[in-house]
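Listed below are the residues making up each chain.
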Amino acid sequence: MNDAAGAHVLPDPATEFGRTVRRRLAEEEIVWLVTVNSAGVPQPNPVWFLWVPDEDGEWGDGSFLIYHSDTAARLRSMKERPTVALHFDGGVNDLEVQVFTGDVEILEGHPTIGEIPEFVAKYTDRAARYFGKTVAEAMEKYSVATRIRPRKVRGF
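Residues numbered from 1 in each chain as written. Predicted model: local features only at pLDDT ≥ 70, side-chain atom pairs only at ≥ 80, totals over all residues. Heavy atoms only, no water.

Next up on the list: the pairing of strand E2 (residues 31-36). In the sheet, E2 pairs with strand E3 (residues 42-47) via 6 bridges, with the strands oriented antiparallel. Counterpart to Val36 in the pairing with E3 is Pro42. In sequence, E2 turns back onto E3 through a hairpin of 5 residues, with Gly40 there showing a positive phi of about 85°. The pairing of E2 with strand E6 (residues 83-87) spans 3 bridges and is antiparallel. Its bridge partner being in E6, Val34 is matched across the sheet by Ala85. (Pairing = 2+ DSSP bridges. Helix = DSSP H or I, 4+ residues; strand = E, 2+ residues; numbered from the N terminus.)

Another aspect to go through is the environment of Leu33. Among the structural elements, Leu33 can be located in strand E2. A sequence separation of 16 residues divides Leu33 from Phe49, and the C-alpha atoms of the two residues are 9.9 Å apart. If we ignore the near neighbours within four places in the chain, the residues touching Leu33 are Gln43, Pro44, Asn45, Val47, His68, Arg74, Met78, Val84, Ala85, Leu86 and Ile148. (Contact = heavy atoms within 4.5 Å.)

The subject of this paragraph is helix H1 (residues 16-27). Its 12 residues give H1 an end-to-end C-alpha distance of 16 Å, which sits within 8% of 16 Å, the value for a rise of 1.5 Å per residue. Within H1, burial applies to Phe17, Gly18, Thr20, Val21, Arg22, Arg24 and Leu25. (Expected span 1.5 Å × (residues − 1). Buried < 20%, exposed > 50% of the residue type's maximum accessible area, 1.4 Å probe, protein only.)

On to the side chain of Thr146. Locating Thr146 in the fold gives a position in strand E8 (residues 144-155). The contact partners of Thr146, leaving out residues within four places of it in the chain, are Phe64, Leu65, Ile66, His68, Leu75, Met78, Val104, Glu105, Ile106 and Leu107.

Take the confidence of the model for the protein next. Of all residues in the protein, 90% attain a pLDDT of 70 or more, and the chain-wide mean is 88. Within the model, the stretch residues 1-6 combines pLDDT values under 50 with 16 contacts to residues more than four positions away or in other chains. (pLDDT = per-residue confidence, 0-100.)

So, on to the packing of aromatic side chains. Summed over the entire model, instances satisfying the criterion amount to 9 aromatic pairs. Taking 5.7 Å as the distance between ring centres and 85° as the angle between the ring planes, the aromatic pair formed by Tyr67 and Phe119 counts as edge-to-face. Here Tyr67 is found in strand E5 (residues 63-68), whereas its partner Phe119 is found in helix H3 (residues 117-131), with 52 residues between them in sequence. Directly above the aromatic system of Phe49 lies the positively charged group of Lys122, at a separation of 3.6 Å from the ring centroid. (Phe/Tyr/Trp six-rings, centres within 6.5 Å; stacked < 30°, edge-to-face > 60°. Lys NZ or Arg CZ within 6 Å of the ring centre and 35° of its normal.)

What follows is the structure in structure tokens.
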């Protein structure tokens, strides 16, 4: 089990857990975003995301970039309760568990998904396969950008 916090939130890349976390941040297409509604009930939602290293290119201090519909209940929940959790499905043999907790920042005036080459490259095949559209077309209604900076990472 690992529970990391501090200057570099992601675990040390020299460890197996650190390598696994970085691989999944780079390769996974879906992360589960867990918000809490006004009744205190957790609300997990699968979302597309982009892991964005910090300004110096450091992975350990990066953040999740996630877009939402402006009518999504989770957006309202995040405004009222900005601490969230994110996690991947179990992974190889269901033994790769990573749970991130952090705070949400709503990004006013942020570029659209179609204006972010890394996002387009990551989801082009999925958008075509599931929606028969480009990434920008498939995600047109997801206009509200959020950044989630993890404060803790735990798992094994």
